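Spelled out from the first residue to the last, the chains are:
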Amino acid sequence: MVTATSLHTMCAQCTTSIDDVVTEDSFETPMPLVCFDCLQVPPRTLSCLHALQHFAEQRRLRIYVLSVAGTARSGKSKAQALAATRILGRPPRQVFRSAAGGFEPCTIGVQCMAVLKEDGAKPGIYLLIDAEGFSLGDAQWHPTISSLVTHVSSVISYFESGVLNHTSIEALASLAASHVQMATGAAATSRLPPLLLVL
């Protein structure tokens, strides 16, 4: 619950106006899934996700969550763009930001984008989640990112460029620890997301 006092400590991203209906802009538009400054899901994103859930329920569509994790500059954002193109049968209107030439960090934090597939096999809303590279940024967030993608995903693809190094092993261990936590938790389900390793 957002209180008047907490609004003063929230960043500009988390205080933008909120839409609670699904529009064309709700699909194929990357949004921040987590604000690490405010330690929350931005209210605009949360409202959009609730609206997408309601939209899916009304149309009896399933929601599939496809996440990518791994090291920086290993092709995660590009893979999500290819996945969106495959789902839609055309390139999406927008894609996750990717660095030209692959020399600069791309995704910061965790972003998501909803893609609507109404026809063909497996119609539904596909929520694509793109996480920052484990070899970048503040390492204190990497277990949080691992836990987040493990708990919400239908499938996780872990991308690695080069060799599996110390950072890679730590990241994979973090994903495995999240799986163990889910499997032994009180509200555990018997279905954990499969993990695909892409080298």
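Throughout what follows, the structure given in this document is the object of discussion. (Residues numbered from 1 in each chain as written. Predicted model: local features only at pLDDT ≥ 70, side-chain atom pairs only at ≥ 80, totals over all residues. Heavy atoms only, no water.)

1. Overview of the state of the cysteines
Covalent bonding between the sulfur atoms of two cysteines defines a disulfide.
Then step 1. Scanning the model with the defined rule gives zero disulfides in all.
Then step 2. C48 takes part in no disulfide bond, and the closest cysteine sulfur to it belongs to C112, at a distance of 7.4 Å. (Disulfide = S-S within 2.5 Å.)

2. Comments concerning helix α3 (residues 76–88)
Then step 1. Under the 1.5 Å per step criterion, the end-to-end length of α3 is 18 Å for 13 residues, consistent within 8% with the ideal 18 Å.
Then step 2. Those residues of α3 that fall on the buried side of the exposure criterion are K76, S77, Q80, A81, A83, A84 and I87. Considered in projection along α3, the buried side chains sweep an arc of 160 degrees and stay on one side of the axis. Among the exposed residues of α3, those oriented more than 90 degrees off its buried face are K78, L82 and R86.
Then step 3. Close packing links the buried residues of α3 with β2 (62–70), β3 (110–117), β4 (124–131) and β5 (155–159).
Then step 4. Positive backbone phi, approximately 80 degrees, marks G89, located one or two places after α3. (Helix = DSSP H or I, 4+ residues; strand = E, 2+ residues; numbered from the N terminus. Expected span 1.5 Å × (residues − 1). Buried < 20%, exposed > 50% of the residue type's maximum accessible area, 1.4 Å probe, protein only. Arc of directions from axis to C-beta. Contact = heavy atoms within 4.5 Å.)

3. Here's the deal with the pairing of β2
Then step 1. Counting buried residues in β2 gives seven out of nine residues, a clear majority hidden from the surface.
Then step 2. The sheet contact formed by β2 and β4 spans seven bridges and is parallel. Bridge pairing links V68 to D130 in β4.
Then step 3. Of the pairings in the sheet, the one linking β2 to β5 comprises five bridges and is parallel in character. When the sheet's bridge partners are listed, G70 is paired in β5 with F159. (Pairing = 2+ DSSP bridges.)

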